[in-house]
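Structure assessment
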Amino acid sequence: MNVPNHIAIILDGNGRWAKAKGMPRSYGHVKGCANLETICDDMKELGVKYLTVYAFSTENWKRSREEVEGLMKLFRSYLKKCLKIAERNQMRVKVIGDISAFDEDIQRKVIELEEFSKDFTELHFQIALNYGARDEIVRGMRRLARDAVDGKVKPEEIDEAMIGSYLDTAGIPDPDLMIRTSGELRLSNYLLWQMAYTEFYFTDVAWPDFNKAELIKAIEKYNERDRRYGGTKEE
Ligand code: FPP
């Protein structure tokens, strides 16, 4: 089995999963968070080198105050626990997205975790928090424009690699496989620039139920694909 170098996941369906069990949405998020721990271990075991998960979008602030507060509480405890998970898996953690919108203690925890794990190389784990691909592109292009105005960049020097280097994912290879759980068939503003050639896998399984067997199923489907990047199909 050819294991993708980089897997990106849209963690969807926590709320519906909990509702189906007669439980509050927050219960689904707690279970979804626990599953994230397990899946990091599975990725490491399978030899996946890069994992990027969509945990909180720029649109998720529109959820009820109660739900947003519950998620913030979960992020706080997870970011703390993640120090251990990072050490266990020798995993480098990086948060992508605009973290300036979070409370200062969360921002500090993110910086602490990134600093703590910066020399680990077994698994590179990106967590998208207050992330939206269009927002990422706007922020990146503002910095590029500033560098152009300051004379550090000439317009004719701008190419795809340079644009990539101004994004939150600078230095991280593009995803090979994108998995979205829980039945929706959309990208929801996730890694739009980076996923130009990514293979997509959609499953009805809700995120809290997405386990190693489901992950292997997704990788097997990926293996059946013919990744041509616009080249000719083999006869
Ligand atoms: C989508 O399910 C999930 C979220 C918006 C939050 C994802 C959060 C976690 C998995 C837990 C914590 C993560 C970290 C990094 C600590 P949904 O609420 O959209 O489900 P629904 O579509 O059924 O309503």
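First, a word on what this report is: a plain description of the structure on this page. (Residues numbered from 1 in each chain as written. Predicted model: local features only at pLDDT ≥ 70, side-chain atom pairs only at ≥ 80, totals over all residues. Heavy atoms only, no water.)

1. Notes on the site of the ligand
Around the ligand sit 19 residues in total, of which Leu11, Asp12, Arg16, Arg25 and Arg63 are the nearest. In the environment of the ligand, an oxygen atom lies 2.6 Å from a nitrogen or oxygen atom belonging to the backbone of Arg16. One nitrogen or oxygen atom from the side chain of Arg63 is found 2.7 Å from an oxygen atom belonging to the ligand. Protein contact buries 93% of the 620 Å² of open area that the ligand shows by itself. Among the secondary structure elements, those contributing two or more residues to the shell around the ligand are helix H1 (14-20), helix H2 (25-46) and helix H3 (65-89). The leading source of residues in the shell around the ligand is H2, at five residues. The class makeup of the residues in the shell around the ligand is eight nonpolar, six polar and five charged. (Near = heavy atom within 4 Å. Polar contact = N/O pair within 3.5 Å; in protein donor to acceptor, adjacent residues only side chain to side chain. Areas by Shrake-Rupley, 256 points an atom, 1.4 Å probe, with all protein chains shown as cover. Helix = DSSP H or I, 4+ residues; strand = E, 2+ residues; numbered from the N terminus. Nonpolar A, V, L, I, M, F, W, Y, C, P; charged D, E, K, R; others polar.)

2. Some words on the sheet that holds strand S1 (residues 6-10)
Spatially, the six strands line up as an open sheet ordered S3-S4-S2-S1-S5-S6, and their pairing is parallel. The outermost strands of the open sheet, each flanked by one partner alone, are strand S3 (91-96) and strand S6 (199-202). Recorded for the sheet is a direction-independent mean angle of 20° between the axes of neighbouring strands. In this sheet, strand S5 (residues 177-180) lies alongside S1 in parallel orientation, the contact comprising four bridges. The residue of S5 that forms the bridge with Ile7 is Leu177. (Pairing = 2+ DSSP bridges. Axes fitted to C-alpha atoms, helices over the stretch in contact; angles between N-to-C directions.)

Keep in mind these numbers describe shape, not what the thing actually does.
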